[in-house]
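Inside the fold
Read off the chains here:
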Amino acid sequence: MAGLRLEGLHKSFGAIEILKGVDLALADGEMLVIVGASGCGKSTLLRLVAGLETPTAGRILIDGRDVTGLDPSARDIAMVFQNYALYPHMSVFDNMAYGLKIRGLPRAAIRAKVDEASALLGLEALLERKPRQLSGGQRQRVAMGRAIVRDPKLFLFDEPLSNLDAKLRVQMRGEIRRLQRRLKVTSLYVTHDQVEAMTLGDRLLVMHQGVPVQLATPTEVFEYPADTYVAGFIGSPAMNLLPGVLGRNGTAVTVAGTEIALAPSRFAAPDGHAVILGIRPEHVVLDPSGMSWPVEIVELLGSEMLVHARRGGEASLTIKIVHGPAMSDVIRVSFPSEHVHLFDQATGLRLTPAGSGVPPS
Amino acid sequence: MERRTLFPGRLLPALLILPQLLLTFVFFLWPAAQAIWSSAMREDAFGTSTEFVGLDNFADLFADPLYLASIGRTALFCACVTALSMGAALLLAVLADGEIRGRAFYRTMLIWPYAVAPAMAAVLWVLMFHPQIGLVGAWLNRIGIVWDYKLDGTQAMALVILAAAWKQISYNFIFFLAGLQAIPKTIVEAARIDGSRGVHRFRTIVLPLLMPTVYFLLVVNLVYAAFDTFATIYAVNGGGPAQSTQTLVLKVYLDGVVNANIGSSSAQSVVLMAGVIVLCALQFRFLGRKAVT
């Protein structure tokens with residue numbers, strides 16, 4: 001088991017810069033989830049660590065050893081691919097044993113390791129089957145087994161659950177977490193799914209356009225998003241982001257012509273500063289004396305409902321409330337100031353008391 | 001998704017396939033029937049009378065040491081051409097499949113020989129290996145290797161094998177390249193991460209996944225070498241010296257057209273036809289099986 005260090009990692013394909021400098025350190029046994037929309041460079045980052053791509057600049061250290069120039073075969077890592085990438089002409093057993101045979105392990109040792117891994121994953125009855133005779137979930141388990149038997153220094157997961165149906169995804173997510181905890185292998189897990197990211201990671205790295213925008217624990221990322229991108233990306237439905245102007249010595253924001261009072265001295269910026277007020281749909285409360293919003297659509301989600309409202313064209317608001325009275329055309333709401341996030345309108349960065357949710361340097 | 005167009009009635013469908021049926025009849029069924037008919041006849045030396053001799057022509061054929069030698073020679077020729085052209089094409093395809101600068105250029109260049117007419121290709125090789133005026137041929141003689149494919153049967157065989165194999169490399173190259181590109185990249189990447197390198201990775205991962213292409217090309221190349229190399233061999237040296245490069249197809253032509261032994265030549269054609277049918281059956285069987293799995 002070992003740690004992973006990335007130093008100033010850059011990657012360009014031709015004139016297009018995919019990764020614009022990533023520094024990262026994983027502790028021994030840590031599971032770090034890299035999350036971001038497609039095209040943010042998260043898969044490229046993983047492929048660089050795997051050695052399937054060569055960085056344009058920067059260094060990769062696994063267990064303190066510089067592996068930047070090494071072939072994947074020399075890095076002692078294991079990777080689980082989105083499409084499983086099982087060897088179609090080999091049985092499940094041979095798929096798992098392939099890497100061990102290359103290492104020249106004796107037959108008995110290979111047998112023992114594969115048996116152990118397949119017991120862990122519930123694959124004992126399938127060892128003689130070919131990949132095409134397996135279901136998606138079973139294939140995913142074989143891919144995991146192939147990674148586990150190798151006892152690698154590092155696990156890499158490239159969106160391993162994306163090809164599974166929703167129910168199986170939840171189940172496999174739990175299994176991956178349990179396995180990783182039990183085996184204590186340092187892991188890098190790439191996904192675009194924020195639920196996977198929140199549930200699996202010890203820490204999250206949110207990527208946006210080739211730049212890491214926030215590296216923190218899932219709770220921290222959720223409660224103190226570093227900028228408007230993270231605020232809008234993590235959480236479902238997404239956080240409301242309303243443009244406004246700061247006033248009254250930083251104790252009020254004017255949104256769509258209405259002044260909203262804030263708890264005193266929470267936000268350090270001059271009056272008249274253009275800001276974005278963020279509040280999660282579940283934190284907005286109904287308030288007969290609050291700001292009025294014309295209702296556009298109401299979506300019923302069983303026990304809860306989503307109300308989409310719009311005011312003055314530019315400001316739209318989503319509210320998540322427990323099933324309440326019949327909706328009128330206009331709702332009145334207020335924003336409890338302990339749940340209000342403020343961001344700089346020009347930079348998108350969080351305007352917040354220091355010490356929480358600061359973006360990585 | 002299969003598109004099916006159904007034509008009404010019987011007349012229109014019949015009309016639509018008529019041209020193909022006509023072609024098949026005129027250029028295949030008719031001559032084939034004629035060949036079978038004349039394989040059972042014997043003509044006198046002056047072509048004035050013919051008599052029915054049943055299977056005598058076939059009996060004579062398989063008792064003729066020259067014919068048996070030609071079978072052996074054809075087998076050797078086929079094996080060498082197939083091995084050489086498939087081996088070279090596979091090597092080139094593997095190299096062209098990699099990330100190399102200007103690979104579109106290489107790939108185009110490698111496909112060109114296929115567009116060269118067989119006789120032209122043969123002339124090209126003759127010009128290179130001519131003992132006096134050929135670049136390679138003259139050089140061989142200069143450095144002390146006695147080279148004259150017009151006198152030495154083994155050298156003649158080597159030259160026609162080279163010329164015929166070269167012609168087929170492009171075809172094989174296209175299929176091998178397509179086959180290699182059809183192998184999912186992540187499988188090869190998974191093997192790399194598993195610690196597999198170079199030749200070992202090729203042997204344990206790439207080649208097994210390429211086997212359908214290999215089987216297909218094996219049959220196609222055997223058919224090509226056995227039946228489609230007439231023009232090449234004929235243009236190089238007409239089957240000589242002596243009968244050293246006289247494959248079965250060449251022998252049919254020389255015996256029938258040049259030496260006017262219609263009966264024997266027809267019998268040989270019938271034997272060849274049986275050979276083609278067997279090979280085609282094998283190929284269909286194989287292709288059919290691939291469609292199932």
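Everything numeric in this text was worked out from a predicted model, so none of it was measured.

**Here we look at the UniProt feature "domain: ABC transporter" (unreviewed entry) in chain A**
Look at the UniProt record and you will see "domain: ABC transporter" (unreviewed entry) annotated at residues 4–234 of chain A. In residues 4–234 of chain A, the share of helix is 37% and the share of strand is 26%. The end C-alpha atoms are 25 Å apart.

**Here we look at the interface of chain B and chain A**
Facing 14 residues of chain B, the contacting portion of chain A comprises 17 residues. Contributing elements (two or more residues each) for the side of chain B that touches chain A: α8 (185–193) and α9 (198–227) of chain B. Taken together, the residues of the side of chain B that touches chain A sort by class into 7 nonpolar, 3 polar and 4 charged.

**Observations concerning the UniProt feature "domain: ABC transmembrane type-1" (unreviewed entry) in chain B**
As annotated in UniProt, the feature "domain: ABC transmembrane type-1" (unreviewed entry) corresponds to residues 71–283 of chain B in the numbering used here. Secondary structure across residues 71–283 of chain B comprises 78% helix and 0% strand; the distance between its end C-alpha atoms is 21 Å.

**Observations regarding unusual backbone geometry**
All names here are of chain A. In this structure, the amide linkage connecting Ser-236 to the following residue, Pro-237, adopts the cis form with an omega of -5°. Mapped onto the elements of the fold, Pro-237 is located in the loop between α8 (228–233) and β11 (240–247). Despite not being glycine, Tyr-84 shows a phi value in the positive range, around 70°. Within the fold, Tyr-84 resides in the loop between β6 (77–80) and α2 (92–102). Phi at Lys-184 is positive, roughly 55°, even though this residue is not glycine. Position of Lys-184 relative to the elements: it lies in the loop between α5 (166–183) and β8 (186–191). What makes Lys-184 exposed here is the crowd of 12 C-beta atoms within 10 Å.

**Examining the sheet that holds strand β9 (residues 203–208) of chain A**
All names here are of chain A. In space, the 6 strands of this open sheet follow the order β6-β7-β8-β3-β9-β10, with mixed pairing throughout. The open sheet is flanked by β6 and β10 (211–216), the only strands paired with a single partner. Strand-to-strand twist of the sheet, defined as the mean angle between neighbouring strand axes without regard to direction, takes the value 20°. For strand β3 (residues 31–35) and β9, the ladder comprises 4 bridges, and the chain directions are parallel.

**Concerning the nonpolar core**
The biggest cluster of nonpolar side chains holds 102 residues, and the ones touching the most others in it are Met-79 and Leu-156 of chain A. When residues of this core are assigned to domains, at least three map to each of domain 1 (4–226) and domain 2 (229–344) of chain A. Not counting residues up to four positions away in its chain, the partners in contact with Met-79 of chain A are Ala-50, Ala-147, Leu-156 and Asp-158 of chain A together with Ala-190 and Ile-193 of chain B. Within the second largest apolar cluster, 36 residues are counted, among which are Tyr-149, Tyr-224, Ala-225 and Val-236 of chain B.

**Some points on the UniProt feature "transmembrane region" (unreviewed entry) in chain B**
As annotated by UniProt and renumbered to match this structure, "transmembrane region" (unreviewed entry) occupies residues 74–96, 108–129, 156–183, 204–227 and 267–287 of chain B. Span residues 108–129 of chain B is 73% helix and 0% strand, its end C-alpha atoms 26 Å apart.

**Some points on α5 of chain A**
Residue and element names in this part refer to chain A. Given a rise of 1.5 Å per residue, 18 residues ought to cover 26 Å, and the 26 Å separating the end C-alpha atoms of α5 matches this to within 8%. Arg-169, Ile-176 and Gln-180 are the residues of α5 that are buried. Viewed along the axis of α5, the buried residues span an arc of 25°, placing them on a single side of the element. Opposite the buried face of α5, at more than 90 degrees from it, the exposed residues are Lys-167, Gln-171, Gly-174, Arg-178, Arg-181 and Arg-182. Packed against the buried residues of α5 are β3, β8 and α6 (194–200). Where α5 ends, the next residue or the one after it, Lys-184, has phi of about 55°, a positive value.

Cut-offs applied
- Residues numbered from 1 in each chain as written.
- Chains lettered and ligands numbered in written order.
- Predicted model: local features only at pLDDT ≥ 70, side-chain atom pairs only at ≥ 80, totals over all residues.
- UniProt positions renumbered as here; feature names shortened; annotations may be inferred.
- Helix = DSSP H or I, 4+ residues; strand = E, 2+ residues; numbered from the N terminus.
- Contact = placed C-beta atoms within 7 Å.
- Nonpolar A, V, L, I, M, F, W, Y, C, P; charged D, E, K, R; others polar.
- Buried ≥ 20, exposed ≤ 12 C-beta atoms within 10 Å, placed from the backbone.
- Pairing = 2+ DSSP bridges.
- Axes fitted to C-alpha atoms, helices over the stretch in contact; angles between N-to-C directions.
- Core = buried A, V, L, I, M, F, W, Y, C linked by C-beta atoms within 7 Å.
- Domains from an automatic or database assignment.
- Expected span 1.5 Å × (residues − 1).
- Arc of directions from axis to C-beta.

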